[in-house]
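Single-letter residue listing:
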Amino acid sequence: MPIATPEVYGEMLDRAKAGKFAYPAINVTSSQTLTAAIRGFAEAESDGILQVSVGGAEYWSGSTIKDRIAGTLAMAAYAREIAKNYDVTVALHTDHCAKQNLASWTEAIMDLEIEEVKAGRLPWYQSHMWDGSAIPLDENLEIAKRLLDKAVASKTILEIEVGAVGGEEDGVVGEINDKLYTSTADGIKTVEALGLGEKGRYLTALTFGNVHGAYKPGHVKLRPELLGTIQAEVGEHFNAGDRPFDLVMHGGSGSTEEEIATAVANGVIKMNVDTDTQYAFTRPVADWMYKNYDGVLKIDGEVGNKKTYDPRAWGKAGEAGMAARVVEACERLGSTGTKMK
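What you are looking at is a predicted structure, and each value in this text was computed from that prediction instead of being measured.

### Concerning the overall build of the protein
The secondary structure content of the protein amounts to 13 helices and 10 strands. Taking 2.2 N^0.38 as the reference for a compact globule, 341 residues should give roughly 20 Å; the C-alpha atoms of the protein span a radius of gyration of 20 Å, in line with that estimate. The principal-axis extents of the C-alpha atoms in the protein amount to approximately 75 × 50 × 40 Å. Here the protein, with 341 residues, has 55% of them falling under the buried criterion. Sequence separation of 24 or more characterises 73% of the internal contacts of the protein that already satisfy a separation of 6 or more. For the protein, the computed accessible surface area is about 14900 Å², with 52% contributed by carbon and sulfur atoms. Averaging the locations of the 35 positively and 49 negatively charged side chains of the protein gives two centres separated by 4 Å.

### Quick notes on the packing of aromatic side chains
Counted under the stated rule, the structure contains 2 aromatic pairs. Taking 5.4 Å as the distance between ring centres and 85° as the angle between the ring planes, the aromatic pair formed by Phe21 and Tyr23 counts as edge-to-face. In this structure Phe21 comes out as buried when scored by relative accessible area, which is 6%. Centre to centre, the rings of Trp60 and Tyr78 are 6.3 Å apart; their planes meet at 50°, and the pair counts as tilted. Within this pair, whereas Trp60 is found in helix H3 (residues 54-60), its partner Tyr78 is found in helix H4 (residues 68-82), the two being separated by 18 residues in sequence. Taking the ring centre of Tyr181 as reference, the NZ or CZ of Arg223 above it sits at 5.1 Å.

### Some remarks on the confidence of the model for the protein
Summary statistics for the protein give a mean pLDDT of 93 and a share of 92% for residues scoring 70 or more. Segment residues 172-177: pLDDT under 50, and 14 contacts once partners within four positions in sequence are set aside and those in other chains are kept.

### Regarding the side chain of Arg325
Tracing the backbone shows Arg325 in helix H13 (residues 311-333). Those residues in contact with Arg325, other than ones at most four positions away along the chain, are Asp276, Thr277, Ala280 and Arg332.

### Here's the deal with the pattern of salt bridges
Taken as a whole and judged by the stated rule, the model has 23 salt bridges. The partner of Glu43 in a salt bridge is Arg39, with the nearest N and O atoms 2.9 Å apart. Residue Glu43 and its partner Arg39 are located together in helix H2 (residues 31-44), separated by 4 residues, close to a single helical turn. For Glu43, a relative accessible area of 46% puts it in the partly exposed group. With a relative accessible area of 25%, Arg39 lands in the partly exposed category. Between Glu142 and Lys145 there is a salt bridge, with its nearest N and O atoms 2.8 Å apart. Taken as a pair, Glu142 and Lys145 lie in helix H6 (residues 137-153) at a separation of 3 residues, close to a single helical turn.

### Looking at helix H5 (residues 106-118)
Between the first and last C-alpha of H5 there are 18 Å, a value that for 13 residues agrees with the 18 Å anticipated at 1.5 Å per step. Buried positions along H5 lie against H4, strand S3 (90-94), strand S4 (127-130) and H6. Among the residues trailing H5, Gly120 stands out with phi positive, at a value near 85°.

### Points about the packing of helix H7 (residues 184-194) against helix H8 (residues 225-238)
The contact between H7 and H8 brings their axes to 9 Å, and the two run at 50°. With respect to H8, the axis of H7 lies oblique. Judged by the sense of rotation from one axis to the other, the crossing of H7 with H8 is right-handed. Packed against H7, whose contacting residues are Thr184, Gly187, Ile188, Val191 and Glu192, the element H8 presents Thr229, Ile230, Glu233, Val234, His237 and Phe238 at the interface. Partitioning the contact of H7 with H8 into residue classes produces 5 nonpolar, 4 polar and 2 charged.

Rules used throughout
Numbering of residues starts from 1 in each chain and follows the order in which that chain's sequence is written. Per-residue local features are limited, in this predicted model, to residues with pLDDT of at least 70; the limit for side-chain atom pairs, both in listing and counting, is 80 or more; totals at the level of whole chains, interfaces and linings are taken over all residues. Hydrogens are left out, water is left out, and the side-chain values use all remaining heavy atoms of the structure. A run of H or I in DSSP counts as a helix once it spans at least four residues, and a run of E counts as a strand once it spans at least two, with each numbered from the N terminus. The size measure is the radius of gyration over C-alpha atoms, and the globule rule it meets is 2.2 Å times the number of residues to the 0.38 power. Only protein chains enter the accessibility calculation, which uses a 1.4 Å probe; a residue is then buried when its area is under 20% of its type maximum, exposed when over 50%, and partly exposed in between. Contacts between residues were defined by any pair of non-hydrogen atoms, one from each residue, lying within 4.5 Å. Where accessible areas are quoted, they stem from the Shrake-Rupley method and a 1.4 Å probe; at the residue level, only the protein chains shown are allowed to cover. When charges are counted, neither His nor the chain ends are considered; positive counts come from Lys and Arg and negative counts from Asp and Glu. For the purpose of locating charges, the reference atoms are NZ of Lys, CZ of Arg, CG of Asp and CD of Glu. Only centres within 6.5 Å qualify two rings of Phe, Tyr or Trp (six-membered ring in Trp) as a pair; their planes then separate them into stacked at under 30 degrees, edge-to-face at over 60, and tilted for everything else. Here, a charge over a ring is recorded when the distance from Lys NZ or Arg CZ to the ring centre is within 6 Å and its angle to the ring normal is within 35 degrees. A residue's pLDDT is the confidence the predictor assigns to it, expressed on a 0 to 100 scale. Throughout this description, the term salt bridge denotes a Lys or Arg side-chain nitrogen within 4 Å of a carboxyl oxygen of Asp or Glu. An expected span of 1.5 Å times one less than the residue number is assigned to each helix. Here, axes are lines fitted to C-alpha atoms. For helices the fit covers the stretch in contact, and angles between N-to-C directions go from 0 to 180 degrees. Here the word oblique covers every angle except those under 35 degrees (roughly parallel), over 145 (roughly antiparallel) and from 65 to 115 (roughly perpendicular). Crossings are sorted by hand: turned counterclockwise from the far helix by less than a right angle, the near helix makes the crossing left-handed, and turned clockwise it makes it right-handed. Side-chain classes follow a simple rule in which Ala, Val, Leu, Ile, Met, Phe, Trp, Tyr, Cys and Pro form the nonpolar group, Asp, Glu, Lys and Arg form the charged group, and the remainder, Gly included, forms the polar group.

The following block contains the structure:
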C-alpha cells in the first residue's frame, strides 16, 4: 500500500487509541532494515511506523557523506516505492531531534515540507519528534509551540518529550535518576502550552523510568502506572476525559510484557523499537559468518564460496531475523491483525 497520507495517519492513531493497542515504530538505517521492518508488519498484518534518527539519516546518505537532509529524503523515497508491494499501511517519522540539531535537520525538513504542501503536494513524513528532554521544561514547550505551528502548516504531527530518558540516543546521554519520571504538573504545563488538539495534534512521550539502550528486565525501574495517573489527573483538570494525551513509549528495551501492556492500557499508541531490532538483524548475520567462515573468507589462498559471501545470502538472514522481532513487537503491543483494509 502507499505510505499513509496525513489523514490516514491520523486515522491510524485514532484506531490505536480507540482499540487500546500501539504501533511499533521501528528505527531503520538502510534499505535492508527498512524492508525487514515492512516485512515484519506485513507478516503480523499490522500497520506500523518507520522512523529515522539524525545519525540514521546521515548513514542513509552514505557513511562518508553524512548529509542528514539527503539521507532523510532518500529513506522516504525508498519507502514510497517498496511499501507499494506490501499489504499494510506505514507512516514515516523523524525520531529524537535534540536542540542542537533542530535547525539543520528536523526543522529544516519541516520548512521544506511546508513548501511542498503550498505547492499542492504531500509532506514526505507524517510526523516529527522534537526532543527537549535535555533542557528546562519551559524552554522545551516554547520551542514545541513554534514547531507545532510548523507541523500544522506541513500537515504533519509533532511528537514531544516531557521528562528525561536515561541512557544514550545518538550521542545524547541521559542520567538514570529521579528526573526520569514525569509529573502531573508537567502534563498540565504541556496542555497549557500546546492545547488538547485545537492548536494542532501532537504526540507526547511522558517518561516513567524509560532508558535507551539494552538492559536486562528488572534493571530499569519502569512505573507505567504513572501514565494512568497523569492521564486521569490532567484529564480531570481540563475536563478532557481519562486519556487526554496520545502517548509514546521510548526506551522500552528490556521491558516486561506486563509493563508494556500497562503502558498501552494507559494510552500509549506508539512505541519506539530500535536496540532490540538492531540485535535481531545482526545476530543471524553473525551466526551465518561463524557457520560459513571457510566460505566467506578466502583462507590459505583458497577462493572462498561466492554463495556464502554474497551480501544477499547473509542479508536475507538478517532481514528474516529483524522481521521476526517486528512481528513480536506487534504481538506485544496488540497491533497484530489490526491493519487497515
